[in-house]
Amino acid sequence: MSANTTGYQIDHSDEEMRRLEFQAGVFRPLTEGVLRAAGLRPGMRVLDVGCGVGDVSFLAAELVGPSGEVVGIDGAALPLEWARRRARERGLSQVRFQHCDLASLPREHPFDAVVERLVLVHQREPLRFIQQMGEHLRPGGLLICHDMDFTVPPVTYPALPLLERTWDWLMRAVRGLGLRERMGSELTSLLREAGLQVEGGQCAGVLGVDPDEDTPALKVFSEGIRAVLPAMERMGIVQAEDVDIDTLEQRLRDEARAANGMFVPFMMMGVWARRPAST
């Protein structure tokens, strides 16, 4: 896996595309908070790296408005088909998508901001990848990263043993797949090492308090387990019958209801930095 690809290791089936759409809806308020705090504003030209089915691109398009422009790139063709269709359905003429990687993207027209979400976690050489993103920024432009940190376990009170046990399976799969398990914590250091000026950051998760209501965070968590379950079985972490994936979400809800407490299944970290202006 090179720094010129997104390195995504889960299949790009229609089912996976639908999972990514749902997941993006749950992550949206977290990412929107990061993009707004970083300073995305009307009229900006934005590059979304590893755009997938387009949700971060659409969010950026809302913030830059019709006077701005958003270009989403991805190394996989199927997600881009979904992204283009969804852009047409939303009437977002300021968004376009390209099937390419950072290395082949022309640099003649640099961007005001480059964004990525859950892309660096898949990179074997994240520093090089960040440097490549920075090469597409104009002097003074913003680089905004939003990634998971798998070393931050679920926050629960009181304890939720099923959630914690399932998280342990996920952590072992993350390591087995070679993902950057503490990517969120590494962001600040990597951005500085890449020669960028770090300006701020946020750490947030989706808090669940009422499992009797629709609790999307638990669905995102359980569907994420479903996506990596074949890899878990291959690595000998757990067998499908022990996970019982079709009932996992409901069992997580039942556990949370019985505990009568709160839970945050995952935490995400967003950090933004600026390319130094020309002197």
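Below you will find a few notes about this structure. (Residues numbered from 1 in each chain as written. Predicted model: local features only at pLDDT ≥ 70, side-chain atom pairs only at ≥ 80, totals over all residues. Heavy atoms only, no water.)

Description of the environment of Arg-253
Then step 1. With respect to the element layout, Arg-253 can be found in helix H9 (residues 245-259).
Then step 2. With relative accessibility at 9%, the residue Arg-253 sits in the buried group.
Then step 3. For Arg-253 and His-109, which are 144 residues apart along the polypeptide, the C-alpha to C-alpha distance reads 49 Å. (Helix = DSSP H or I, 4+ residues; strand = E, 2+ residues; numbered from the N terminus. Buried < 20%, exposed > 50% of the residue type's maximum accessible area, 1.4 Å probe, protein only.)

Regarding the nonpolar core
Then step 1. In this structure, Leu-47, Met-133, Leu-170 and Met-232 are the most contacted members of the largest nonpolar core, which totals 62 residues.
Then step 2. Examining the composition of this core, we find that 9 residues originate from one element, helix H7 (residues 216-234), more than from any other.
Then step 3. In contact with Met-133, not counting residues within four places along its chain, are Val-49, Leu-102, Val-114, Glu-116, Leu-120, Leu-143 and Cys-145.
Then step 4. Residues Cys-51, Ala-61, Leu-80 and Ala-87 belong to the second largest nonpolar core, which totals 26 residues. (Core = buried A, V, L, I, M, F, W, Y, C linked by side-chain atoms within 4.5 Å. Contact = heavy atoms within 4.5 Å.)

Remarks on the packing of aromatic side chains
Then step 1. Applying the stated criterion across every chain, the model contains 4 aromatic pairs.
Then step 2. Relative to Phe-266, the ring of Phe-27 has its centre 5.2 Å away and its plane inclined at 80 degrees; by these criteria the two rings are edge-to-face. You can see Phe-27 sitting in helix H1 (residues 14-38) and its partner Phe-266 sitting in the loop between strand S8 (262-264) and strand S9 (267-274), a full 239 residues away along the chain.
Then step 3. On the accessibility criterion, Phe-27 (1% relative accessible area) is buried.
Then step 4. Between Phe-58 and Phe-97, the aromatic rings sit 6.0 Å apart at their centres with planes inclined by 90 degrees, giving edge-to-face as the arrangement. Of this pair, Phe-58 sits in helix H2 (residues 55-64) while Phe-97 sits in strand S3 (residues 95-99), placing them 39 residues apart in sequence. Assigned by exposure class, Phe-58 and Phe-97 land together as buried.
Then step 5. Among the aromatic residues, those joined into a ring-pair cluster are Phe-150, Trp-167 and Phe-221.
Then step 6. One cation-aromatic arrangement involves Arg-45 over Phe-111; the distance from NZ or CZ to the ring centre is 4.0 Å.
Then step 7. The lysine or arginine in question, Arg-85, covers the ring of Trp-82, its NZ or CZ lying 5.1 Å from the ring centre. (Phe/Tyr/Trp six-rings, centres within 6.5 Å; stacked < 30°, edge-to-face > 60°. Lys NZ or Arg CZ within 6 Å of the ring centre and 35° of its normal.)

Focus: unusual backbone geometry
Then step 1. Each neighbour pair has its own omega, and for Tyr-157 with Pro-158 the value is -10 degrees, a cis peptide bond.
Then step 2. With respect to the helices, strands and loops of the structure, Pro-158 is situated in the loop between strand S6 (155-157) and helix H5 (161-176).
Then step 3. The phi dihedral of Asp-244 is positive, around 50 degrees, even though this residue is not glycine.
Then step 4. Considering the arrangement of structural elements, one finds Asp-244 in the loop between helix H8 (240-243) and H9.
Then step 5. Residue Asn-260 is not a glycine yet carries a positive backbone phi of 55 degrees.
Then step 6. Assignment of secondary structure puts Asn-260 in the loop between H9 and S8.

Quick notes on the sheet that holds S9
Then step 1. Reading across from one edge, S3-S2-S1-S4-S5-S9-S7 is the order of the 7 strands in this open sheet, with mixed pairing throughout. This sheet does not close on itself; its edge strands, each paired only once, are S3 and strand S7 (197-205). Ignoring strand direction, the axes of neighbouring strands in this sheet form an average angle of 15 degrees.
Then step 2. Pairing geometry for S7 and S9, over 8 bridges, is antiparallel. Looking at S9, one finds that Val-198 is bridged to Ala-273.
Then step 3. Relative to the sheet, helix H3 (residues 77-90) contacts strand S2 (69-74) and S3, its axis offset from that of S3 by approximately 165 degrees.
Then step 4. This element, helix H6 (residues 183-193), spans strand S5 (137-148), S7 and S9 of the sheet and lies at about 160 degrees to S5. (Pairing = 2+ DSSP bridges. Axes fitted to C-alpha atoms, helices over the stretch in contact; angles between N-to-C directions.)

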